[in-house]
Amino acid sequence: MPAGSPGRVSAPGSPGTPGPAGLRIARVLARCSDGRSETSLDPDLRVFVSDLVRPYGLPLREDLLREGVGHSYEELAAGLLGEALAEDEPVDLLILAFDTPDVRPGAPSSLALSRSVPGEPLAFAVCDQGTAAAFTALRLAAEYQRAGACRRAVVVLAEQTALHYEPPEPVAMPQRHAAVVLVCEEAPGPGLVVHQWRGPDRPESQVSDRAAEPGPGAVVLDSTADDHGGSLAQPFTGLWARLAEHLPGGRVERRPLRVTGADRRLGVLSTLTQP
């Protein structure tokens, strides 16, 4: 992996030596899209979804499969990645996180998206964690940086509106296809920290006990408090699209940051803090 070694303290207090570095969210871009991908009409999608739900006895949504409904995450995010990164900004790590399944059968979109960024990043996906998957992806990116494995990481969050089978219980679906790109870069000083807890059915009750105060002047986003017109319409990306709105020009100012989210269905509380 083409990643340099991040700066470390060679001798405490010695002049001229770099201090410890952390991974920080540097840019956030968000976009909603309409329409559909041609892959939503791929016959292999029916085969893939059938294999996926057969052990659970869940019926297919034949109407959606016939009409060709849904959007591939590669198409949703590739253009946004091109806007988020310059050619001289190589990426060491790319993580795709999602809740609603992709409509591109037979090929991992995380690997496809890795070809849309400079460098040759390690790429993988995080899913099956509900809305907590976004926090998990950022936590993993920070761990890779702490291990000296990356200086620049990109976390791609995506959701599309079609679920091609009947879920066993009601689930929140997005109103529009959407993608969010978070560019995370190594910088001097402490970086982002993610904490996640499993709790009762309404884990937001733990926020006051578990989440540290971010400090004066902080950017505070909390999907457990209210919707702000976005998080319910876009249950996976809405919270992070609000982050893009609160960071002028898509650049993080040196203000503290705290983002809190709760997946009520899975009972998971997640917090991200950035000094």
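First things first, this report covers the structure right here in the doc.

1. Description of the pairing of strand β3 (residues 122-126)
Then step 1. For strand β2 (residues 93-98) and β3, the ladder comprises five bridges, and the chain directions are parallel. Residue isoleucine 95 lies in a different strand from β3, and its bridge partner there is phenylalanine 124.

2. Quick notes on the environment of arginine 176
Then step 1. Mapping arginine 176 onto the fold places it in the loop between β4 (152-159) and β5 (177-188).
Then step 2. The partly exposed category is assigned to arginine 176, whose relative accessible area is 34%.
Then step 3. It is 7.2 Å that separates the C-alpha atoms of arginine 176 and glutamine 234, two residues lying 58 residues apart in sequence.
Then step 4. Within the structure, arginine 176 has its side chain in polar contact with the side chain of aspartate 34 (distance 3.1 Å).

3. What to know about helix α3 (residues 73-84)
Then step 1. Here α3 spans 16 Å end to end across twelve residues, near enough to the 16 Å set by a 1.5 Å rise per residue.
Then step 2. When we look at burial in α3, the residues that qualify are Tyr73, Leu76, Ala77, Leu80, Leu81 and Ala84. Projected onto a plane normal to the axis of α3, the buried residues spread over an arc of 115° and lie on a single side.
Then step 3. At its buried positions, α3 is contacted by β1 (21-33), β2, α4 (109-114), β4 and β5.

4. Side note on the packing of aromatic side chains
Then step 1. In total, this model carries three aromatic pairs according to the counting rule given.
Then step 2. The interplanar angle of 50° and the centroid separation of 5.5 Å between the aromatic rings of tyrosine 73 and phenylalanine 98 together place this pair among those described as tilted. Residue tyrosine 73 is located in helix α3, and its partner phenylalanine 98 is located in strand β2; the two are separated by 25 residues in the primary sequence.
Then step 3. Between the aromatic rings of phenylalanine 135 and tryptophan 240, the centroid separation amounts to 5.0 Å while the plane-to-plane angle is 65°, which identifies the pairing as edge-to-face.

5. Some words on the sheet that holds strand β8 (residues 257-263)
Then step 1. The sheet built from four strands is open, its strands ordered β6-β9-β8-β7 with mixed pairing. Here the strands that pair on one side only, and so sit at the sheet edges, are β6 (193-198) and β7 (219-222). For this sheet, the mean inter-axis angle between neighbouring strands, taken without regard to orientation, is 10°.
Then step 2. In the sheet, β6 pairs with strand β9 (residues 268-274) via six bridges, with the strands oriented antiparallel. Bridge pairing links histidine 195 to threonine 271 in β9.
Then step 3. Across the sheet, helix α5 (residues 132-146) is in contact with β6, β8 and β9; its angle to β6 comes to roughly 135°.
Then step 4. In this fold helix α7 (residues 238-246) packs onto β7, β8 and β9, with an angle of close to 160° to the strand it touches most, β7.

6. Quick word on the pattern of salt bridges
Then step 1. In this structure the tally under the stated criterion is 13 salt bridges.
Then step 2. Salt-bridge contacts for arginine 61 lead to aspartate 63; the nearest nitrogen and oxygen are separated by 2.8 Å.
Then step 3. The residue arginine 104 makes a salt bridge to glutamate 74 at a minimum N-O spacing of 2.8 Å. With arginine 104 in the loop between β2 and α4 and glutamate 74 in helix α3, the pair connects residues that are 30 residues apart, well separated along the chain.
Then step 4. Residue classification places arginine 104 among the partly exposed positions, given a relative accessible area of 25%.
Then step 5. By relative accessible area, which is 24% here, glutamate 74 ends up partly exposed.
Then step 6. Linked by salt bridges that have partners in common, Arg27, Glu89, Arg152 and Glu185 make up one network.

7. A look at the sheet that holds β3
Then step 1. On the basis of which strands lie adjacent, the open sheet formed by five strands has the order β1-β5-β4-β2-β3 and mixed pairing. In the strand order of this sheet, the two ends are held by β1 and β3, each with one partner. For this sheet, the mean inter-axis angle between neighbouring strands, taken without regard to orientation, is 15°.
Then step 2. The pairing of β1 with β5 spans twelve bridges and is classified as antiparallel. Bridge pairing in β5 links valine 28 to leucine 182.
Then step 3. Packing against the sheet, α5 makes contact with β1, β2, β3, β4 and β5, and its axis sits at approximately 165° to β2.

8. Details of the side chain of serine 40
Then step 1. Inspection of the secondary structure puts serine 40 in the loop between β1 and α1 (43-53).
Then step 2. Overall, the relative accessible area of 1% leaves serine 40 in the buried class.
Then step 3. Polar side-chain contacts of serine 40 include one of 2.6 Å to the backbone oxygen of serine 37.
Then step 4. Those residues in contact with serine 40, other than ones at most four positions away along the chain, are Leu45, Leu65, Gly68, Val69, Gly70 and Val103.

Cut-offs applied
- Residues numbered from 1 in each chain as written.
- Predicted model: local features only at pLDDT ≥ 70, side-chain atom pairs only at ≥ 80, totals over all residues.
- Heavy atoms only, no water.
- Pairing = 2+ DSSP bridges.
- Helix = DSSP H or I, 4+ residues; strand = E, 2+ residues; numbered from the N terminus.
- Buried < 20%, exposed > 50% of the residue type's maximum accessible area, 1.4 Å probe, protein only.
- Polar contact = N/O pair within 3.5 Å; in protein donor to acceptor, adjacent residues only side chain to side chain.
- Expected span 1.5 Å × (residues − 1).
- Arc of directions from axis to C-beta.
- Contact = heavy atoms within 4.5 Å.
- Phe/Tyr/Trp six-rings, centres within 6.5 Å; stacked < 30°, edge-to-face > 60°.
- Axes fitted to C-alpha atoms, helices over the stretch in contact; angles between N-to-C directions.
- Salt bridge = Lys/Arg side-chain N within 4 Å of Asp/Glu carboxyl O.

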